[in-house]
Each structure stands twice: as structure tokens, then as C-alpha cells.
Amino acid sequence: MSDIAQLTSSQLSSMYEVMCKSQALELRILKGMRSGEFATIIWPARGQEAVAGALSLALRPDDRLITTYRGLHDHVAKGVPLVEIAGEVLGTSVGACKGKGGTMHIAAPEQGLMMSTGIVGSGLPVGVGLALAARFQKSDRVTAVTFGDGATNTGSFHEAVNLAATWKLPVVFVCQNNLYAEMTPVEETMAIPHVADRAKGVGMPGITVDGNDPVSTYLAIRGAVDRARAGEGPTLVEAVTFRFEGHYAGDQMKYIPAEQLEEAKKHDPMITFRETLLSHPEITEEHLAAIEARAAQEVDEAVEAAKAAPQPDAAEIERDVYAERLVAGNV
Amino acid sequence: MSKKATIREAINSALDEALRTSAQVFLLGEDLADPAAGVNAVTRGLALEHGHDRVLNTPISEAAIVGAAVGASLEGMLPVAEIMIMDFIGIAMDQIVNHAAKLRYMSAGRTTSPITVRAVVLEGSGAGGTHSQSLEGWFMHIPGLKVVYPSTPADAKGLLLSSIFDPDPVLFMEASRLYGKRGPMPTEDGFRIPIGKADVKRQGRDITIVTYGPATWEALEAAEALSAEGIEAEVVDLRTLLPLDLETVLASVAKTRRAVVAHHAVTFGGPGAEVASQITEALFNELVEPVVRVGAKFSPIPARASEAAVTLGTGDIVAAVKKVAGAVRV
């Protein structure tokens, strides 16, 4: 763990609260799926909560974030209301997108969460466009795009980082390297040791940090955000972390060696960060327990509200294909 | 006010008006800024007039070109992305199909992507299989997109402006072989041709030729040749493929009771199949003969002069019309 003295106790608590809500939300959904309470599909980020904590503190409310189908923690980080996330996961009308987007496609522009993509690598070019718009609109807002290690093997990644570096755009690329691209280990898909090494090839800084440590991840992302805001261009931050639930909920993870999983559990950010927080003179066990209880309660209320809400009605299902309803037969 | 202009000038004039009248509009694509101003010189002078910060040369990165357009549009910008040659659009397909077309729906209207993608069909250059395709049929299959393909300078100007300011993503197609085509073009700001409205380019009583884009000109040429033989063909230029103006098409076919659909896209699985099917479903009892489609043969397009062996020509339309209207009273 890096030096927590660089942050205030309220900053540390706020990151922990985001992490707790993220973990509680995913565990609650997984419990509901496993017990038969409801059916849905999620791509869990359990284990990657430290990156969400870091993003929540590093970005301003008006900064933009683009995430992926493995993004529930990122939605929490950007302040998307829990009921809107849960509603989208369950496909009900209280969802951020009235239940029409689903887990993979949550958008909440009021919170700056501009897009979640179901297509690996596709968020990066769109993030470059958000940053380009900020330049046109003379705004100092910054765009962060988060994605996995697998995305860095797509053409979209390479096209986007090159364009962002060439145009010196205010964007921060945050790779949540969880060591597996879906079900294939990263060393089978890359000939270089670090995703961050890819930055050099396009002329921007690349940083590798311990993605299980919210403090050092925050400091790296914050430095990149400040750099972007100052007009100095993009940065690639690689946060090395782990994914405990597999590619999708229900994945048996036969491809993950038992010893690797055991080792990874020792670095579970929810456990290690909690221990670190308790070493802070102003942070008590009671304080953390209260954060955890509040997170669990808020998540529970959100999931209950999402469950109780109706599915989008027939009129809603037909809406928003185009700006105006086109005359039947004309499409 | 109106003047004679080429389609190249009409598109340039539309882009100029859009850049001049809206700070939300910008252009991005390969080689399109001055002094190069693109392989077809369509964007000549626009970077000099409106600035290289609004007419952006990009790397050869189609996914990033369209993806950046999508991102900027989510923030309220009105980007016009150019795909230099339509065959390159495969690289950007994910951004068009999975993102631009679906973001409004998947976000329940909270985000929208009103981009315009200009795609140039190079058929006629003899450049061969990867530089000659008419791929509009791919995009007609995607809910959320609009697809426009004009044939005249006035239509090109009015439809491009409508596309840029349309709240939905539009694929705007240009045939490079038509860039030099001259015709009247309104010069005043604000001239628009609505998306989704076909135009009857020639009146006729005996058969309807439904067409669009460059095939409109071959259809008109075919109609003149057929007229000499006593067959009067009505030529309906769709102008917009999605949404399709069925009202105009069906009104014409209800009158003529015969129809041929002609386009430069491959016939099999092409736009003509949808049009023929719609006509048949609506007017089965009125039709004297089955609707016939005519387009490119089911083959990659060969290079140089052999191109004509595969692509649509006026003779193909004449032959198709005679097949359908052979029994027309003379």
C-alpha cells in the first residue's frame, strides 16, 4: 500500500464507500441469481473495486467516463444512482435506460457516464470524441475511458490512442488489467510485460500501478487527469488487478490455476484496503462498519425497488429507435 | 436563387453552409483538409475558409474517425465523418452499427448520436474489387440508421444539409462517377430536401423503374430508349433508402402495375429485394407481372474495363423492363 497520509480521512472514506457499494451491489445481484430470486446476466468486476474507488475521487462530477460491460463498479464510481443501475441489470423501468439497455449498456449523462459498451475496445474511439468535443466547446472537463487488458489488442484501441496522442486530447485511458481477456490469460495474448508499454509507441506516458491499491491507483489517475486538464494530452494508466467471479456470473473459471486464485485473494482490495484504513489515526472500526452497513442497506433498497418496478411497457419498447416515430411501413 | 453546379460543388456548398451556420458542425476524415482537399476535391477550400481546427485531417483510422464522431455527437456536436471510399467502411462498422445506430435506443433517449457519415462509391474507376462496392444494403438492415443516396446536385445539397442537422445518424452516400454531373442548385441558405421522400424524376404510364443514386441516370436513359419503342416508364428516385418512401413507390406502381427495381448494389440480397417485396405485399392483385430486380452480378467487381461486365448498365434496365412490360400495348 502506498502512503495513505497523502489523502485525507474523508477522501479515503469516500473511496472505501464507493468500493463497498460496488461490492455489495454485485454480491446482492449474484445472490439473487444463485437463489433463483431473479434471472439476469452480469459480468462481475468483483476484485476490481479499487479502480472504481480511485476513479470516483480523481474525476470531477462534470468529467466524463466511458466503461464496458464489466462496469457496475465504474457506474457506482461516477455516482449513477444504485436503483438506476439495479433497474438496468434487471431490465425494469426504473433503470437508467428504462430497462432497455441492460447491464452492458448503461448510460447516465447527468452523472457524466456517457456510455458503457458491450464491444471490447469500442469505448476508446468514442472517448476520444468526447474529449474532442470538450476542446471544441472550450470546456476543461476531462474524459476517462476504462477497459480491460483484452481491449488493448483491438484495432480500436490502437486507432484511438494514436489519435488522442496526435491531437493531444484531454483523455485518460485506464486499463483495468485483470490478467484475463475473457477466458484467456494475458500472457497468451501479449508479447510485452505491461499494457502501459503500449503508450510509448504512440508518444504518450504509460504508467503501471497496483490496481488493488486505491491510493496509488488514485494518485496515478489523478496525475493523468491533471495533465489532461492542463492541455498536456492523454495518458495510459494500467491498473493491475484481478477478477474473482470469472468472465460472467456463473463462469466456472476452470482456466484459472488454483494457486493463482489463492494468491490473488490475499490482495483482495476490499480486505487489504480495510486493513490499511484502520492504520489511519482518524479511522475507526465503527466508522468502517457504518460505511459497510450503509452500503448494504442502500444496495438492498435499490434492488428491491428495481425488482418491484415493471418492465418497460409496449410503447416504451417501440420508442427511441429514431428521434421521431417513423410512419409504420416506412421502415 | 439557383445556379448550375456539379454534384461536387453542391456537396461542397452544403458543407460550407453547415460549417458557416452552426458552430456544432465539424468535418473529419482522411486527406480532406486543404491543400489536398480529398482524393475527389469535394472539400476544397473548406479548411482554408473555416479553419483546420474544424476540417480535421485524420490518420488512416476509420474506427477512430467514426468513433470520435460518435463521441463528439454525444456532447451535442454535429460531426460529418468522411469514409474516403466506401469499401473501407468495414473498419468502422462496429461504431456505426453497434454504437451510432443504437445509443439512442439503448439509453432510452438519454444519449443520441446525430452523426453524418459520408461514404464515397468509386465504381466506374476500374480500381477493382475493394474500391468499387455499393454497400448501402448492409446499412438498410440496421434499425436506428438513416441511409441517403442522392442523384442530382439539388438533391445532394438539400439532403446533405438535412442529414447533418437530422437528430439521427445518417449514412450519406456519394457516387464519385456523379461528382461532375451538372444541374440546377439552389444557392440560398436554408434549402433542404427532406429525408424519406422519393422523387418522381420522369412520368410514365406503363412501368415504374424504382431506383436511386447513379442508377437514376441509367434508368432515365433507359426510359428514353424505351419511349422510342412505345414504352413509357416512370422513374422513381428513392433518394432515401431508410426510411423508405413506400407511399410514392406504391402510388406509382398502383398506376403502372409493373415495376423494375434497379441499383448498382449486388442484386442478390440487395435493396431491390426489399423494395420488390414491399410492392408485392401491398399490390399483389394489381401487378400484371412479378417485380424484377436488376443490379450488379453476384461477383466481386473486376478491374479496369472488365468492371462493366459485372456492374449495372443502361442495357440491363432496358432488358429488365422489356421482360416485365413486353406485353404492353404499343
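Quick note: structure is the one above.
Rules behind the numbers
Residues numbered from 1 in each chain as written. Chains lettered and ligands numbered in written order. Predicted model: local features only at pLDDT ≥ 70, side-chain atom pairs only at ≥ 80, totals over all residues. Helix = DSSP H or I, 4+ residues; strand = E, 2+ residues; numbered from the N terminus. Rg over C-alpha atoms; globule rule 2.2 N^0.38 Å. Buried ≥ 20, exposed ≤ 12 C-beta atoms within 10 Å, placed from the backbone. Contact = placed C-beta atoms within 7 Å. Pairing = 2+ DSSP bridges. Right-handed = clockwise from strand over helix to strand, strands pointing away. Axes fitted to C-alpha atoms, helices over the stretch in contact; angles between N-to-C directions.

Undergrad: Explain the overall build of chain A to me, please; I cannot follow it from the model alone.
TA: Of the regular secondary structure elements, chain A holds 11 helices and eight strands. A compact globule built from 331 residues should have a C-alpha radius of gyration of about 20 Å, and chain A, at 20 Å, falls within 12% of that. In terms of principal-axis extent, the alpha carbons of chain A reach across some 60 × 50 × 40 Å. For chain A, with 331 residues in total, the buried portion stands at 52%. Contacts in chain A between residues far apart in sequence, at least 24 positions, make up 76% of those at least 6 positions apart.

Undergrad: In this structure, what is going on with the pairing of strand S8 (residues 235–240) of chain A? I would like to understand it.
TA: Within a regular strand, side chains alternate between the sheet's two faces. All names here are of chain A. The buried fraction of S8 is high, at six of six residues. By the bridge criterion, six bridges tie strand S4 (residues 171–177) to S8 in an arrangement that is parallel. Bridge pairing in S8 places Asn177 opposite Val240. Bridge count for strand S7 (residues 206–210) against S8 is five bridges, and the pairing is parallel. Residue pairing for S8: Gly206 is matched across the bridge by Leu236. In terms of handedness, the path from S7 via helix H7 (residues 214–229) over to S8 forms a crossover that is right-handed.

Undergrad: In this structure, what is going on with the sheet that holds strand S14 (residues 292–296) of chain B? I would like to understand it.
TA: Sheet strands associate in pairs through backbone hydrogen bonding, adopting either a parallel or an antiparallel arrangement. Residues and elements named next belong to chain B. Within the open sheet, the five strands sit side by side as S9-S11-S10-S13-S14. Their pairing is mixed. This sheet does not close on itself; its edge strands, each paired only once, are strand S9 (199–202) and S14. Going across the sheet, the axis of each strand differs from the next one's by a mean of 25 degrees, ignoring polarity. In this sheet, S14 lies alongside strand S13 (residues 259–266) in parallel orientation, the contact comprising four bridges.

Undergrad: Any chance you could explain unusual backbone geometry here in plain terms?
TA: Of note, the amide linkage connecting Asp34(B) to Pro35(B) takes the cis form, showing an omega dihedral of 5 degrees. Looking at the secondary structure, you find Pro35(B) in the loop between strand S2 (25–29) and helix H2 (46–50). Of note, the amide linkage connecting Leu242(B) to Pro243(B) takes the cis form, showing an omega dihedral of 0 degrees. As for its position among the elements, Pro243(B) is in the loop between strand S12 (240–242) and helix H9 (246–256). Positive phi is not limited to glycine here, since Met253(A) has a value of about 55 degrees. Structurally, Met253(A) can be placed in the loop between S8 and helix H8 (258–265). Exposure remark for Met253(A): the 15 C-beta atoms within 10 Å place this residue in the partly exposed category.

Shape is all these values report; function is a separate question.
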